[in-house]
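Residues per chain, in single letters:
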Amino acid sequence: MKQLRDYQNEDVLKMQDNPCIGNFSEQRTGKTPTTCVSLAQRGLTHILIICPASLCYVWKKAWEEWTNHDAYVMQTTKDELNIPANTALIVNYEKFRGTNNNNDVCERIVKWKPEAVVVDEAHRMKDRKSLTAQRLQRFLNVPVRIALTGTPATNRPWDVWSILHWLFPNEYRSYWNFVNEYFEEEIIWVAGNPHRQPARFKRGMEYVLQNKLDKICVQHKRNEVMKWLPKEEEPTEVILPATPEQLKAIDSLINYFEYKNIVTQTVLDNLIRIRQICAAPKILGLKGKSPKLEWLKQYLKDYPEEQILVFSNSKKFLRLISSELTQEHHLICGDVNPKARLEYVNEFQVGKVKLLLCQTQACKEGLTLDAADTSIFLDVYPPSADYLQAKDRMVATTKENIKPKKLIHVMLQDTYDVQTYRLVERNVDETAIINDYKKYIEERRKNNGKQ
């Protein structure tokens, strides 16, 4: 049987004392083993684990290794829940939430009467009006509820409310009461109508919320529990000049919502087309080079010995890159099946393949890619949590895998590209109030001690 680290054993004790708890520890610090052991020690027989589809078999393996009990992964929405006692039921978000007109899986699980519910990557419930959040409301009477995520606030500090409401529905009953207590509000006008929205913390209230989180949640940062990790290097920003063709196309879309054969109807559609032009005009059938693609080709030529992760939000851009590279590589997008995905990761980890093209959304969770020397982001867009999770894929989880790491951001000068990167940077700083609450508490304690 594997052994937990000291801080994980402490977490198990805290989870025993608090049946409803959030573990907001940073990625790669070992939330899964802690959860498995704490539940096994409770002696429960009906345990439900909800997680992203790509993590179902990761959870199955972890559950069986850490508890010596079986785990069952729901394969189809028609699966019968005739599961032996002490066997954890693992279901992915898509099957669990169903559709507006079909919540059959959720209702059958309710009748199965779970004694504990684990929600992995719990920030996925942040939209309180989403189907995921609505389905989870059916389990508020389950005595043991555990929310796991390294980024409880994905884009704004108030994103954490949905998780707190699910864990402690009596204390965090109303979203707007929570907003009124902790945040100033502002009025924005949408289609001529005023709408309220949170704006920023009321003075001093971030400290109040951080102290509450410290009492009801668990949080560890990698530099706290993995002191052997090297200091994270500052990202290198590569700001490339856009081509005249790109600037002309972007300017036309901004001013007229059209360019040649491209006609956009909404602001969102317009921004998507601008993103694609920043990536590679060829995606939209336009002529002209892609400075990002040309830079990437040169980087791969200059550093053939490096193991490299290349991230982009655009599947079309990654496929274009893949078609133009001569170097052996793998491409992981959302439509790659779990078996192939695992094979690609294993080949990268052992050095058989040195280049992995990664769609950010598809690779942000559940993958260990710490064999990488370099992560290159060809675009970065909100929510900031997606970027943070993807960036953490190459962080070493053991001393044996420590080596220098490089992080590179590639942008086009004087374009929307740079603006979105700065926006994500700012959002990371704002959400750190929640995602790094223990750091701020420790800093205040040190400062108070000096006074």
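Structure's up top.
Note that the structure is predicted; figures quoted are calculated from it, not measured.

A. Summary view of the overall build of the chain. Of the regular secondary structure elements, the chain holds 19 helices and 17 strands. Over its C-alpha atoms the chain spans a radius of gyration of 23 Å, differing by no more than 12% from the 22 Å that the globule rule assigns to 451 residues. With the C-alpha coordinates of the chain rotated into their principal frame, the extents come out at 65 × 60 × 55 Å. When burial is assessed residue by residue, the chain has 54% of its 451 residues classed as buried. Within the chain, contacts between residues at least 6 apart in sequence are counted, and of these 72% link residues at least 24 apart. Put simply, the chain shows about 21600 Å² of open surface, and 50% of that area lies on carbon and sulfur atoms. For the chain, the separation between the mean place of its 65 positive charges and that of its 58 negative charges on side chains is 2 Å.

B. Molecular detail of the environment of Gln413. Examined against the element boundaries, Gln413 turns out to sit in the loop between β17 (406-412) and α18 (416-435). With a relative accessible area of 40%, Gln413 lands in the partly exposed category. When near neighbours in sequence (up to four residues on either side) are disregarded, Gln413 contacts Ile239, Leu240, Pro241 and Val418.

C. Just the sheet that holds strand β9 (residues 217-218), in detail. The strand order β3-β4-β2-β5-β6-β1-β9 describes an open sheet built from seven strands, whose pairing is parallel. One side of each edge strand has no neighbouring strand; the edge strands of this open sheet are β3 (71-73) and β9. Sheet topology places strand β5 (residues 116-120) next to strand β6 (residues 144-148); five bridges connect them, and they run parallel. Bridging from a neighbouring strand, Val119 pairs with Ala147 of β6.

D. Representation of the state of the cysteines in the model. This model, assessed by the stated rule, comprises zero disulfides. Cys20 carries a free sulfur, and the closest cysteine sulfur to it, the one in Cys217, is 11 Å from it. Cysteine Cys358 shares no disulfide, and the gap to the nearest cysteine sulfur, in Cys363, comes to 3.9 Å.

E. Focus on the sheet that holds strand β15 (residues 355-359). Taken in spatial order, the six strands of this open sheet run β10-β17-β16-β13-β15-β14, and their pairing is parallel. Across the chains shown, the open sheet's two edge strands, defined by having one partner strand only, are β10 (236-240) and β14 (330-332). Here the strands of the sheet are splayed against their neighbours by 20° on average, with no regard to which way each runs. Sheet analysis places strand β16 (residues 374-377) next to β17, joined by four bridges and oriented parallel. Among the inter-strand pairings, Ser375 is bridged to a residue of β17, identified as Leu407.

F. Focus on the packing of aromatic side chains. Under the defined criterion, the tally for this structure stands at 11 aromatic pairs. Through successive ring pairs, a cluster of aromatic residues spans Trp158, Tyr172, Phe178, Tyr182, Phe183 and Phe201. Stacked on the ring of Tyr175, the Lys or Arg Arg128 has its end atom at 3.8 Å from the ring centre. Here Arg196 stacks its cationic end above the ring of Trp176, 4.1 Å away from the centre of that ring.

G. Here's a closer look at the nonpolar core. The biggest cluster of nonpolar side chains holds 47 residues, and the ones touching the most others in it are Leu48, Ile50, Ile109, Val119 and Phe178. Sort the elements by how many residues they give to this core and helix α7 (residues 161-167) lands first, with five residues. Setting aside its immediate chain neighbours within four residues, Phe178 contacts Trp158, Val160, Trp161, Leu164, Tyr172, Phe183 and Leu209. The next biggest cluster of nonpolar side chains, apart from the first, holds 39 residues, and it includes Leu296, Tyr299, Val310 and Leu320.

H. Representation of the pairing of strand β8 (residues 193-201) within the structure. Pairing of strand β7 (residues 183-190) with β8, which is carried by eight bridges, proceeds in the antiparallel orientation. The residue of β8 that forms the bridge with Ile187 is Arg196. Count of turn residues in the β7/β8 antiparallel hairpin: two residues, of which Ala191 carries a positive phi of about 50°.

I. Layout of the packing of helix α2 (residues 31-42) against helix α3 (residues 56-67). Between α2 and α3, the shortest axis-to-axis distance is 9 Å and the interhelical angle comes to 50°. With respect to each other, α2 and α3 are oriented oblique. The chirality of how α2 crosses α3 is right-handed. Facing α2, whose interface residues are Thr32, Pro33, Thr35, Cys36, Val37, Leu39 and Ala40, α3 presents Trp59, Ala62, Trp63, Trp66 and Thr67. A per-class count over the contact of α2 with α3 returns nine nonpolar, three polar and no charged.

J. Expanded view of the side chain of Ser314. Here Ser314 is to be found in the loop between β13 (308-312) and α14 (315-324). Classification of Ser314 by relative accessible area gives buried; the value is 19%. Not counting residues within four places of it along the chain, the set of residues in contact with Ser314 comprises Ile283 and Asp379.

K. Representation of helix α9 (residues 205-216). In this model α9 runs 17 Å from its N-terminal to its C-terminal C-alpha over 12 residues, within 8% of the 16 Å that 1.5 Å per residue would give. Looking at α9, one finds that the buried residues are Met205, Glu206, Leu209, Gln210, Leu213, Asp214 and Ile216.

What counts, and at which threshold
- Residues numbered from 1 in each chain as written.
- Predicted model: local features only at pLDDT ≥ 70, side-chain atom pairs only at ≥ 80, totals over all residues.
- Heavy atoms only, no water.
- Helix = DSSP H or I, 4+ residues; strand = E, 2+ residues; numbered from the N terminus.
- Rg over C-alpha atoms; globule rule 2.2 N^0.38 Å.
- Buried < 20%, exposed > 50% of the residue type's maximum accessible area, 1.4 Å probe, protein only.
- Contact = heavy atoms within 4.5 Å.
- Areas by Shrake-Rupley, 256 points an atom, 1.4 Å probe, with all protein chains shown as cover.
- Lys, Arg positive; Asp, Glu negative; His and termini not counted.
- Charge placed at Lys NZ, Arg CZ, Asp CG, Glu CD.
- Pairing = 2+ DSSP bridges.
- Disulfide = S-S within 2.5 Å.
- Axes fitted to C-alpha atoms, helices over the stretch in contact; angles between N-to-C directions.
- Phe/Tyr/Trp six-rings, centres within 6.5 Å; stacked < 30°, edge-to-face > 60°.
- Lys NZ or Arg CZ within 6 Å of the ring centre and 35° of its normal.
- Core = buried A, V, L, I, M, F, W, Y, C linked by side-chain atoms within 4.5 Å.
- Parallel < 35°, antiparallel > 145°, perpendicular 65-115°, else oblique.
- Left-handed = near helix turned anticlockwise from the far one by under 90°.
- Nonpolar A, V, L, I, M, F, W, Y, C, P; charged D, E, K, R; others polar.
- Expected span 1.5 Å × (residues − 1).

Limitation: the analysis is restricted to geometry and does not speak to function.
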